Amino acid sequence: MGTDAAPILDPDTYRTAVPHDLLRTLRAESAVRWVDEPDGPGFWAVLRHAEVRHVLRSPDVYSSQLGATQIRDPAPEALTYVRRMMLNQDPPDHNRLRGLLTRAFTPRAIARLTDRIDGWARELVGRIDGETDFAKDVAADLPLLTLAEVFGVPAEDRWLMFDWSNRVIGFQDDEYAVSDTPGAASSELAQRALRLRPKPDADGRMPDPRTRAGMPDLYAYAHDLGEVKRHSPGDDVMSTLMSHVDDEGGRVSIEEFENLFWLFSVAGNETLRNGIPGGMIALMSHVDSYRALRATGLVDQAVEEMLRWWTPVMHFRRTATVDTELAGTPIAAGSKVVVWFSSANRDERVFRDPDTFDITRTAGEHLSFGHGPHFCLGAHLARVQLRAMFRAVLDLPGRLTFAGEPVRLRSNFQNGIKSLPVTLVDW
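The structure presented is a predicted model; accordingly, all values stated were derived computationally and were not measured.

Visitor: Teacher, can you tell me more about the side chain of serine 64 here?
Guide: With respect to the secondary-structure elements, serine 64 resides in the loop between strand E3 (62-63) and helix H3 (76-82). A polar contact of 3.2 Å, which involves the side chain of serine 64, links it to the side chain of arginine 318. Those residues in contact with serine 64 that lie beyond four places of it in its chain are Thr69, Leu87, Asn88, Gln89, Asp90, Arg318 and His374.

Next up, the structure:
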């Protein structure tokens, strides 16, 4: 029967740490493992690197669109809406929107963003004075500043993206699920959207944030912002996107813009918001590597190892379109197939001493940005932010060390850090 795999699904497991020992055992037993769901039909967890890559590059057999990309099945009334998101599309629909986005991220736009990201990173690291919460006071703002620049969002509205991503990614965590981060000031667009913000029910729970009905404030803001970008474009990336025409003469619709805004505000924010503290934890937990990085300056290589060792996004789902077989395991059409990145990124078949944080490791094999047609569109921008942040950290007059226990997000999806107390000490 094998080892019990249920803990990898339980969000409470991750309050302490990612269960790497259990994942190693399961991975040794088989590449593909059945996991029962308390409130669903169960799914196949794909645990080894080669099989994860195979699933991700085979959208004709393992679909993002059939059942979307989260383990829990969307409500039937929400599935039609969820399938319109680029994240949950298969080729060829996925190719059209991705192509338009790729064209919008012009070399000039990326160069301008890179310069600004470097400056923001240094300003944020400059906030460290005595005991500081690195997760909240340093790491959280860099992706918000970057995304606000990409979308042309007014600076005073950045806190809204923080609130929205809390609600979506933290739906399994009681603290984040009812996030109500106050903003010092907000634009007229934000004030209109906030009037639609849902209130907690009698049990203190918000509506399901992974549905359109659960995030009416986000969609109202995105709708109005999309209209502004179409009719009064600026020099931001999304204004460029809204002006582009695809190969068939079509443009990005306002509905598509709304869904892209949801995707970037949540996925583009959370991966970095958790990846940056994860990288800092890696350095502070491996002081010899921290010192070696300062001596060598191999920041690009170290960032790739941080992404592998921490793995901010732990899994994504596909749905089998036909009866098939994976690593000798028969998989029926309609079955959920979940690729487990936090297991694949420590697969002994690919990575020597995979549990060791090694900044000299050859980069390029980790799957933290996915693989195949859904390889993360924001991977380059994410790397720019990580490199800028850790270059700024290395320029501090001392090294950062733990000033308290990190507080982890209750989530089986994001390897999240809610609080990371640090302080500066001598080398």
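Visitor: Sorry if this is basic, but what is going on with the layout of surface pockets here?
Guide: Take a probe with the size of a water molecule and roll it over the atoms, and the empty space left behind shows itself. Taken as a whole, the second largest pocket spans an internal volume of roughly 410 Å³. If you go around the second largest pocket, you meet 18 residues; those closest to its centre are Leu9, Pro11, Asp39, Gln172 and Asn412. Of the residues assigned to the lining of the second largest pocket, the class counts are 7 nonpolar, 4 polar and 7 charged.

Visitor: What exactly am I supposed to notice about the nonpolar core here?
Guide: Generally speaking, soluble globular proteins have nonpolar side chains that are buried together. Formed by 118 residues in total, the largest nonpolar core has its most connected members in Phe134, Tyr221, Met280 and Leu400. Examining the composition of this core, we find that 15 residues originate from one element, helix H13 (residues 254-285), more than from any other. In this structure, methionine 280 is in contact with Phe134, Tyr290, Phe390, Val393, Leu400 and Leu420, ignoring residues within four places of it in sequence. Counting 16 residues, the second-largest nonpolar core is a separate cluster that includes Leu26, Phe43, Met314 and Trp340.

Visitor: Can you walk me through empty space enclosed by the protein in this structure?
Guide: Summed over all chains, the structure comprises 1 cavity of 30 Å³ or more. Volume-wise, the largest cavity comes out at about 50 Å³. If you go around the largest cavity, you meet 10 residues; those closest to its centre are Glu304, Glu305, Thr362, Ala363 and His366. In the lining of the largest cavity, the residues fall into 2 nonpolar, 3 polar and 5 charged.

Visitor: Can you help me understand the sheet that holds strand E4 (residues 132-133) in this one?
Guide: Backbone hydrogen bonds hold the strands of a sheet together, and the pairing may be parallel or antiparallel. Strand order in this open sheet of 3 strands is E4-E12-E9, and the pairing throughout is antiparallel. Sheet topology places E4 and strand E9 (399-402) at the edges, where each strand pairs with a single neighbour. Relative to strand E12 (residues 421-425), E4 runs antiparallel, the two being bridged by 2 bridges. Each bridged residue has a counterpart across the sheet, and for threonine 132 the counterpart in E12 is valine 422. Across the sheet, H13 touches E9 and E12, and the angle it forms with E9 is around 90°.

Rules used throughout
Residues numbered from 1 in each chain as written. Predicted model: local features only at pLDDT ≥ 70, side-chain atom pairs only at ≥ 80, totals over all residues. Heavy atoms only, no water. Helix = DSSP H or I, 4+ residues; strand = E, 2+ residues; numbered from the N terminus. Polar contact = N/O pair within 3.5 Å; in protein donor to acceptor, adjacent residues only side chain to side chain. Contact = heavy atoms within 4.5 Å. 1 Å grid on protein atoms, 1.4 Å probe; cavity = no way out; pocket = protein on both sides within 12 Å on 5 of 7 lines; lining within 4 Å. Points joined across faces, edges and corners; volume = space filled by probe spheres on them. Nonpolar A, V, L, I, M, F, W, Y, C, P; charged D, E, K, R; others polar. Core = buried A, V, L, I, M, F, W, Y, C linked by side-chain atoms within 4.5 Å. Buried < 20%, exposed > 50% of the residue type's maximum accessible area, 1.4 Å probe, protein only. Pairing = 2+ DSSP bridges. Axes fitted to C-alpha atoms, helices over the stretch in contact; angles between N-to-C directions.

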